[in-house]
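# Structural characterization, general
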Amino acid sequence: MQVIKTIAQLQYALLTERAKGKTIGLVPTMGALHEGHASLVRRSVAENDVTVVSIFLNPTQFNDPKDLERYPRTLESDCDILRECGAQIAFAPSVKEIYPEPDTRYFSYPPTDTVMEGARRPGHFNGVCQIVSKLFLITDPDKAYFGEKDYQQIAVIRRMVEALQFRVQIVPCPVIREPNGLAMSSRNSLLTPEERAIAPHIYRILSESLTANKSVSETQDWVTRQINAIPGLEVEYYSIVDGDTLADISDWEQSSSIVGCITVYCGNTPIRLIDHIRYK
Ligand code: PAF
């Protein structure tokens, strides 16, 4: 596996492959790789001739500097994981390489980027669109792989791809969970053993809500109350939304695709955990 740090080197490597008629899969990451990322990389390796995995802790999508500061940085072990998965290229540029000058581009795809995380983390999805669009422009991939763990992020990126007419095919990949149901996330490594013990209740309660037989608003209240009843967990929001537009729904018959998206504060630090469940 090649570890490439500059855009010029990456583009040279990819031009050479493309000239041979090879297809390119891109897996954008911020590092601190876990089994969830590995599943995306393995899928890209199976579906493309060349897989590029970007490892870039993108500062423009962090609205809280403390969150950026404590985000885990594990480049060496990340590269070991990527070698095991069969990736051909790890692209690990510096911040200066990606942003030689401030990125002043502004992206706006309401309601996908204004609800839920968009409302609570101002500028977050703008930063995601800045980096993902740069990665698409740099690598011109045939397919790009994103984990459904960040359900809202995929909806925003799909809208950006449509609006900017990128030729890339977005491939959403299922959430990978610990055996106890906790969605795998780079932030899980920040949880204490006590927090790890309570965090799985989030998905347990979401799963139980599938058979609760209640109206949309009753389900929202029920999930929120059940989770808040567990010491150490506090729901920031639980929204039941259309699975494509992410607009709020009030009736189960309102859409053929319905998803519940949740953010929960866990522990004293606290760590912000996100998850979702599909109702239909
Ligand atoms: O999902 C992530 O890890 C990031 O938001 C992404 C897509 C790599 C952009 O920095």
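Remember, predicted model here, so these are calculated numbers, not experimental data.

### So, the environment of Phe166
Along the chain, Phe166 turns up in the loop between helix H8 (151-164) and strand E6 (169-173). Through-space distance from the C-alpha of Phe166 to that of Leu135 is 11 Å; in sequence the pair is 31 residues apart. Once residues within four sequence positions are removed from consideration, Phe166 is found in contact with Ser133, Phe136, Leu137, Met160 and Val161.

### Thoughts on empty space enclosed by the protein
To find the voids left in a structure, one rolls a probe of water-molecule size over its atoms. Within the structure shown, the criterion is met by one cavity of 30 Å³ or more. Quantified by volume, the largest cavity comes out at close to 80 Å³. For the lining of the largest cavity, the element with the highest residue contribution is strand E9 (residues 271-278), accounting for three residues. Taken together, the residues of the lining of the largest cavity sort by class into eight nonpolar, three polar and two charged.

### Some words on the state of the cysteines
Two cysteines form a disulfide when their sulfur atoms are joined by a covalent bond. Per the counting criterion, the structure on display carries zero disulfides. Left without a disulfide partner, Cys129 is nearest to the cysteine sulfur of Cys261, which lies 17 Å away. By relative accessible area, Cys129 is classed as buried at 1%. Free cysteine Cys173: the closest other cysteine sulfur is in Cys85, separated by 12 Å. By relative accessible area, which is 3% here, Cys173 ends up buried.

### As for helix H1 (residues 7-19)
Helix length check: H1, at 13 residues, gives a terminal C-alpha distance of 18 Å against a target of 18 Å (1.5 Å per residue), a fit within 8%. Burial in H1 covers these residues: Ile7, Leu10, Ala13 and Leu14. Viewed end-on, H1 has its buried residues packed into an arc of 135 degrees, placing them on one side of the element. Turned more than 90 degrees from where H1 packs its buried face, Ala8, Tyr12, Leu15 and Ala19 sit exposed. For H1, the secondary structure elements touched by its buried residues are strand E1 (2-4), strand E2 (24-29), strand E3 (50-55), strand E4 (89-91), helix H5 (95-98) and helix H7 (124-139). Backbone geometry just downstream of H1 places Gly21 in the positive-phi region, at approximately 80 degrees.

### Considerations on the packing of aromatic side chains
Scanning the entire structure with this criterion turns up four aromatic pairs. Judged by centre distance (5.7 Å) and plane angle (80 degrees), the rings of Phe62 and Tyr71 are edge-to-face. Look at Trp252 and Tyr279: their rings are 4.9 Å apart centre to centre, the planes differ by 50 degrees, and that puts the pair in the tilted class. Here Trp252, found in the loop between strand E7 (233-242) and strand E8 (258-266), pairs with Tyr279, found in the segment after E9; they are 27 residues apart in sequence, far enough to count as distant. On the basis of relative accessible area, Trp252 is assigned to the partly exposed category, the value being 22%.

### So, the sheet that holds E9
On the basis of which strands lie adjacent, the open sheet formed by three strands has the order E7-E8-E9 and antiparallel pairing. Pairing within the sheet leaves two strands with one partner each, and these edge strands are E7 and E9. Each adjacent strand pair in this sheet contributes to an overall mean axis angle of 15 degrees, direction not counted. With eight bridges connecting them, E8 and E9 associate as antiparallel partners. In the strand pairing of E9, Val259 is matched with Arg278. Those strands touched by helix H10 (residues 201-209) are E7, E8 and E9, and its axis lies near 25 degrees from that of E9. Sheet strands touched by helix H11 (residues 216-228): E7 and E8. Its angle to E7, the strand with the most contacts, is close to 160 degrees.

What counts and what doesn't
- Residues numbered from 1 in each chain as written.
- Predicted model: local features only at pLDDT ≥ 70, side-chain atom pairs only at ≥ 80, totals over all residues.
- Heavy atoms only, no water.
- Helix = DSSP H or I, 4+ residues; strand = E, 2+ residues; numbered from the N terminus.
- Contact = heavy atoms within 4.5 Å.
- 1 Å grid on protein atoms, 1.4 Å probe; cavity = no way out; pocket = protein on both sides within 12 Å on 5 of 7 lines; lining within 4 Å.
- Points joined across faces, edges and corners; volume = space filled by probe spheres on them.
- Nonpolar A, V, L, I, M, F, W, Y, C, P; charged D, E, K, R; others polar.
- Disulfide = S-S within 2.5 Å.
- Buried < 20%, exposed > 50% of the residue type's maximum accessible area, 1.4 Å probe, protein only.
- Expected span 1.5 Å × (residues − 1).
- Arc of directions from axis to C-beta.
- Phe/Tyr/Trp six-rings, centres within 6.5 Å; stacked < 30°, edge-to-face > 60°.
- Pairing = 2+ DSSP bridges.
- Axes fitted to C-alpha atoms, helices over the stretch in contact; angles between N-to-C directions.

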